[in-house]
Amino acid sequence: MEIVNSKSLKLPIVSIKILEDGTLLVVDSETTVRYMNKVTLEMVNGFKVNIIHPRYKTQVVDFSNDGAYFATLTSDCKESRLYNAQTRKMITMVDRHQGEASCVAIDPMARYMFSCGDDGKTFAMDTQSGKLVFTLPVHVDTVNDIAFSKNSNWVATASYDKKISLFNLVTMSPKEKLKAHAAPVAKVHFFHKNKLLSVDKNSTAIIWNIYSGKVIERLQGIHDDVTQIVISQDEQFAFLGTQLGYVLVYDLHTYELLSPKYIKITSPITAMEFDGENNHLIIGTEDGFLMYYNIYEGEQRLAELLKNKEFEAIQNAANENPILAYTKIYKLVLNLWDNTLAKAKIALQNGAKNKAIALFSHFKNIPSKNRIILQTIKDYEEYDKFVKFAKEGKLPLAYGLANTYKTYQESKIYKALEENWKKAFAQAQKFALQPKGAESAKEILAPYRGISDKTKLIQELLTQGEVYKRFRVAIGQKEFKVCFELLKVHTFLKEFPEYETLMKYADTLYIKSTKLIEDGDTHAAIKLLRILADFTDFSEEVRELMKDIESKQKFFKAIEEEDIANAYNMMALSEDLQETSDGKELQEAWNSDLAIANSFAVDGDSEAVEKALKKYMKISSKYMALATVFGWCYMVQLEEAVHNKAPQHLIENGIKNYMLNFGLQDQIENFFNYFKENYRDSKLNLEHLTQGSLSMWRPSMIVKSILE
């Protein structure tokens, strides 16, 4: 792969990001921030923070997508800091990790800055106020990486404890930890709607379904420490950068390794980004180089090669850059090959070997195609015998050759043989169903004795005629459950034409039902799906479709009846509902109201918080989120009470109330240390207090002041 554009920044590049306005943001190991034109790489703006990062295997710097905020670790990793990128002023710092801070991140909506540490803790700080809002589920060892889903609904943390923690930022609730890695998890990255890619220290990569928590696939071919992961904008490809300077590329639909050495660089890869507008892979290295690669390099040349029918050159180009195999031109070549192969087979069937060789001429120098060409020509050396046996009625010999050379089964003669077989078998079926028709059936099927797959069917027909009769009757009466119960026990029934008719009917039902769902006619779709539910091959998918339809019907009914509580509760269970126009509107309303409530929580104004979130007080799926906001608000009240030197007994009462409402949290533990520094004679002990929990909190527990 050739470099499209490059620039030397001399120092290791620790972060690359394309901001929402299209500006390329590049940060080096001394936290020199450069705003660059992403096409020319000319510097537009920039500033220095003067924090040196001696280690940068984890995410030591991060910017919000809009560029308004940035987070960074300090040089000694004792703190993580959040800054306003415009004023360059520090908003807050996190120095509460027991040990070092390990990585930082800002969520896609720029609501929170996350600080992860060697203590396994992750603190979420409000970007506007700098206050601690909540903490993510604790790991028992260092947090190595943190990632967010595109819609900002999910956050994942990867840890040295070999586990991945998932947390839902909509419901503010944790999901069960993902456990399948045998080594510390180093990197995580969300993609598609519900998938997560994780890589551990042993170079094992796993694809997860985040909803089910199950492993979908384990990627093959990684033999180096993965330092960076980036995914193409269309989410077709995953690019993995390594310590030895390699870039591996995977197809995210098939999970196939397309190239283990897609790009080779002489320095460790320390940062990666993808420019979807130009399909450019952007790489930052430890030796300070910023490099652009066009993932579709060579695509323009393919058009000229196709025009000149230089198929070998096209294949060579695709071998050099496997992503070219996903272009329209390459797909045209594949279609041409398929058509050529089909025409050549017809020529060979007609005895025109030279014509077939001539047709293959454009593809013969492509090794993978040449193997097929040679094998096809060799296979057809016996074709005349096949034709002779077929015409002479020597069916066992004809079918024997067709089974040896599968390509013969594409010929007209073989299809004619099969058509005759179907007619004979259908005629024999009629006799077999008659009380004394067995001998006639045998006579009709006599020419097919000695053909293994036919003999089995003949025997089943003659010996289990009653089963076949029941099967036919069940189909006629549309008793599909009975049909599949018979099929489960008597698999030979699948070889009968009735089974083919049955499955075609199922396909028709499925196509019609999905079309009705797309058109919004769910009532008619459900009628068809209830029939389809009896078909074993479709039962699981039908259950999912029915569940989805019923969920949407209930959701839209709730919207229509202005039952907002039920609508939000259903959205909490289905991200698909969040993607509907009504779902997006509800989510935007919640985000807006939550932002207002947060602004009041910063001031400790619980009455204003309650007023801002009044319409959510009866929505059970919002209780954890509400508890988080009120917990934050009450913590501000406690901090202000200490700052204003309130009476000790009042603050102690506030601590007891907080513990009773929210339980032992990092927020109250840190505050308690602050309290003890200012009220040294207090005998209060957190461990001896009655503890509640966020999950048990209810709106009825709201008070004006936690001190009361």
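Scroll up for the structure.
In short, a report on the structure. (Residues numbered from 1 in each chain as written. Predicted model: local features only at pLDDT ≥ 70, side-chain atom pairs only at ≥ 80, totals over all residues. Heavy atoms only, no water.)

**Thoughts on a negative patch on the surface**
Here is step 1 of the chain: On the surface, D603, D605, E607, E610 and E640 cluster together to form a negatively charged patch.
Here is step 2 of the chain: Assignment of secondary structure puts D605 in the loop between α18 (581-601) and α19 (606-612). (Patch = residues over 30% accessible without salt bridge, like charges linked within 9 Å, V, L, I, M, F, W, Y side chains within 5 Å. Areas by Shrake-Rupley, 256 points an atom, 1.4 Å probe, with all protein chains shown as cover. Salt bridge = Lys/Arg side-chain N within 4 Å of Asp/Glu carboxyl O. Lys, Arg positive; Asp, Glu negative; His and termini not counted. Charge placed at Lys NZ, Arg CZ, Asp CG, Glu CD. Helix = DSSP H or I, 4+ residues; strand = E, 2+ residues; numbered from the N terminus.)

**So, the state of the cysteines**
Here a disulfide denotes a covalent bond joining the sulfur atom of one cysteine to the sulfur atom of another.
Here is step 1 of the chain: Applying the stated criterion across every chain, the model contains zero disulfides.
Here is step 2 of the chain: Cysteine C116 is unpaired, with the sulfur of C103 as its nearest cysteine sulfur at 3.7 Å.
Here is step 3 of the chain: Its relative accessible area of 0% is what places C116 among the buried residues. (Disulfide = S-S within 2.5 Å. Buried < 20%, exposed > 50% of the residue type's maximum accessible area, 1.4 Å probe, protein only.)

**Here's the deal with the nonpolar core**
One broad trend across soluble globular proteins is that nonpolar side chains are buried collectively.
Here is step 1 of the chain: Within the largest apolar cluster, 79 residues are counted, with the highest numbers of intra-cluster contacts made by F386, F471, L493, L502 and F535.
Here is step 2 of the chain: In this structure F535 touches F480, F484, L502, Y505, A506 and L509, once residues within four positions along its chain are discounted.
Here is step 3 of the chain: Among the nonpolar cores identified, the runner-up in size contains 67 residues, and C103, A612, V629 and Y634 belong to it. (Core = buried A, V, L, I, M, F, W, Y, C linked by side-chain atoms within 4.5 Å. Contact = heavy atoms within 4.5 Å.)

**Brief notes about the sheet that holds strand β3 (residues 24-28)**
Here is step 1 of the chain: Strand order in the open sheet formed by four strands is β2-β3-β4-β5, and the pairing between neighbours is antiparallel. Either end of the sheet is taken by a strand with one partner, and the two such strands are β2 (13-18) and β5 (43-48). Between one strand axis and the next, the sheet turns through 15° on average, direction left out of account.
Here is step 2 of the chain: As defined by bridge partners, strand β4 (residues 32-36) adjoins β5 across five bridges and the pair is classed as antiparallel. Of the residues in β5, the one forming a bridge with T32 is K48. (Pairing = 2+ DSSP bridges. Axes fitted to C-alpha atoms, helices over the stretch in contact; angles between N-to-C directions.)

**Quick notes on the side chain of K121**
Here is step 1 of the chain: Mapped onto the elements, K121 comes out in the loop between β11 (112-117) and β12 (122-126).
Here is step 2 of the chain: Ignoring anything within four residues of it in the chain, the contact list for K121 reads H97, Q98, S115, C116, V138, V143, D666 and E669.

**Describing the packing of aromatic side chains**
Here is step 1 of the chain: This model, assessed by the stated rule, comprises 41 aromatic pairs.
Here is step 2 of the chain: Ring centres 5.0 Å apart and planes at 15° place the aromatic pair F63 and F70 in the stacked group.
Here is step 3 of the chain: Given a relative accessible area of 1%, F70 falls into the buried group.
Here is step 4 of the chain: In textbook terms, an aromatic cluster arises when at least three aromatic residues are bridged by ring pairs, as seen for Y35, F47, F63, F70 and Y83.
Here is step 5 of the chain: Against the face of Y246 rests K264, its NZ or CZ located 4.9 Å from the ring centre.
Here is step 6 of the chain: The lysine or arginine in question, K369, covers the ring of W337, its NZ or CZ lying 5.6 Å from the ring centre. (Phe/Tyr/Trp six-rings, centres within 6.5 Å; stacked < 30°, edge-to-face > 60°. Lys NZ or Arg CZ within 6 Å of the ring centre and 35° of its normal.)

**A word on the packing of helix α14 (residues 522-532) against helix α15 (residues 539-560)**
Here is step 1 of the chain: Running from N to C, α14 and α15 cross one another at 155°; their axes reach a closest spacing of 10 Å. The pairing of α14 with α15 is recorded here as roughly antiparallel in orientation. Like other packed secondary-structure pairs, α14 and α15 cross with a definite hand, here left-handed. Residues T522, H523, A525, I526, L529, R530 and L532 of α14 form the contact with α15, whose own contacting residues are V542, L545, M546, I549 and Q553.
Here is step 2 of the chain: For the contact of α14 with α15, the class distribution of residues is eight nonpolar, three polar and one charged. (Parallel < 35°, antiparallel > 145°, perpendicular 65-115°, else oblique. Left-handed = near helix turned anticlockwise from the far one by under 90°. Nonpolar A, V, L, I, M, F, W, Y, C, P; charged D, E, K, R; others polar.)

**Some words on helix α2 (residues 311-320)**
Each full turn of the α-helix corresponds to 3.6 residues, which orients residues three or four apart in the same direction.
Here is step 1 of the chain: For α2, the complete set of buried residues consists of F311, A313, I314, Q315, A317 and A318.
Here is step 2 of the chain: Where α2 is buried, its residues meet α1 (299-307), α3 (328-349) and α5 (367-379).

**A short note on the pairing of strand β21 (residues 214-219)**
It is a general feature of regular strands that their side chains alternate between the two faces of the sheet.
Here is step 1 of the chain: Here strand β20 (residues 205-209) runs beside β21; their pairing, made up of five bridges, is antiparallel. Each bridged residue has a counterpart across the sheet, and for I207 the counterpart in β21 is E217.
Here is step 2 of the chain: Hairpin connection between β20 and β21: a loop of four residues separates the two successive antiparallel strands, and G213 in this loop has a positive phi of roughly 75°.

**With respect to unusual backbone geometry**
Here is step 1 of the chain: The backbone of A110 sits at a positive phi, close to 60°, despite the residue not being glycine.
Here is step 2 of the chain: Residue placement: A110 occurs in the loop between β10 (101-106) and β11.
Here is step 3 of the chain: The class of A110 is buried, set by a relative accessible area of 12%.
Here is step 4 of the chain: Even without being a glycine, K645 presents a positive backbone phi close to 55°.
Here is step 5 of the chain: Topologically, K645 is positioned in the loop between α20 (623-643) and α21 (648-662).
Here is step 6 of the chain: In this structure K645 comes out as exposed when scored by relative accessible area, which is 71%.

Bear in mind that shape data such as this cannot, by itself, settle questions of function.
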